[in-house]
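The lines below spell out each chain.
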Amino acid sequence: MLLALLVSGLVVALVVIGLFVFGLRRRLIQRSGGTFDCSLRWGVSEEPDVSGKGWVYGVARYSGDRIEWFRVFSYAPRPRRLLERSSIEVVSRRAPEGEEELALLSDAVVLGALHRGTRLELAMSEDALTGFLAWLEAAPPGQRVNVA
């Protein structure tokens, strides 16, 4: 009986510590500001996939001339993807459709883009999208910016 109580107490403590580390990591990512919730689907085809598969929920952070994208459900301190402003080409914009609406946040807009030849989709709120497009267009003089 004592062993079962000790083991269940240890499991509860590990779960609480794990949740605390998730929260601490997100707080550290957002500490410098310039962050927004952003789901990502990497390496998609040109035809819209409305099945909802492949979306990963994350947090994006502006960092100079690039965006650092972090998975929410990860302990990694480094960003999973780096998107450089000069390499991003926006190709489409649409509302989520079908099962995709269940996989994304309720107010999300899906932005199709190319980054160094790889097609990807970003899903973010309308406000975050406005800021993202403004950031893209605010490139230093001489840099090529492709916004559709």
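Cut-offs used in this document
Residues numbered from 1 in each chain as written. Predicted model: local features only at pLDDT ≥ 70, side-chain atom pairs only at ≥ 80, totals over all residues. Heavy atoms only, no water. Pairing = 2+ DSSP bridges. Helix = DSSP H or I, 4+ residues; strand = E, 2+ residues; numbered from the N terminus. Axes fitted to C-alpha atoms, helices over the stretch in contact; angles between N-to-C directions. Contact = heavy atoms within 4.5 Å. Buried < 20%, exposed > 50% of the residue type's maximum accessible area, 1.4 Å probe, protein only. Phe/Tyr/Trp six-rings, centres within 6.5 Å; stacked < 30°, edge-to-face > 60°. Lys NZ or Arg CZ within 6 Å of the ring centre and 35° of its normal.

The protein has the name DUF2550 domain-containing protein in an unreviewed UniProt entry, where Streptomyces goshikiensis is given as its organism.

Colleague: Tell me about the sheet that holds strand 6 (residues 88–94), and please be specific about residues and values.
Modeller: Pairing in this open sheet of four strands is antiparallel, and the strands run 2-8-7-6 from one edge to the other. Two strands close off the open sheet at either side, each with one partner strand: strand 2 (39–42) and strand 6. Averaged over all pairs of adjacent strands, the angle between strand axes in this sheet comes to 25 degrees, irrespective of strand direction. Sheet topology places strand 7 (residues 108–115) next to strand 8 (residues 118–125); eight bridges connect them, and they run antiparallel. Note that in strand 8 the partner of Val109 across the bridge is Met124. Of the strands in this sheet, strand 6, strand 7 and strand 8 touch helix 3 (residues 126–137), which is tilted by about 130 degrees from strand 8.

Colleague: Which residues make up unusual backbone geometry, and what values do they have?
Modeller: The backbone of Arg116 sits at a positive phi, close to 55 degrees, despite the residue not being glycine. For Arg116, a relative accessible area of 58% puts it in the exposed group.

Colleague: Mind laying out the packing of aromatic side chains, listing which residues take part and the relevant values?
Modeller: Throughout the structure, instances matching the rule amount to three aromatic pairs. Note on Phe36 and Tyr62: the rings are 5.3 Å apart at their centroids and 40 degrees apart in plane angle, and the pair reads as tilted. With a gap of 26 residues between them, Phe36 in strand 1 (residues 35–37) and Tyr62 in strand 3 (residues 58–63) connect regions that are remote in the sequence. The class of Tyr62 is partly exposed, set by a relative accessible area of 24%. Each ring, one from Phe132 and one from Trp135, has its centre 6.1 Å from the other, and the planes form 35 degrees; the classification is tilted. Pair noted here: Phe132 and Trp135 are both in helix 3, with a separation of three residues, about one helical turn. Considered together, Phe132 and Trp135 belong to a single accessibility category, that of buried residues. Members of the aromatic cluster, connected to one another through ring pairs, are Phe36, Tyr62, Phe132 and Trp135. Positioned above the aromatic ring of Trp42, the side-chain terminus of Arg81 is 4.0 Å from the ring centre.

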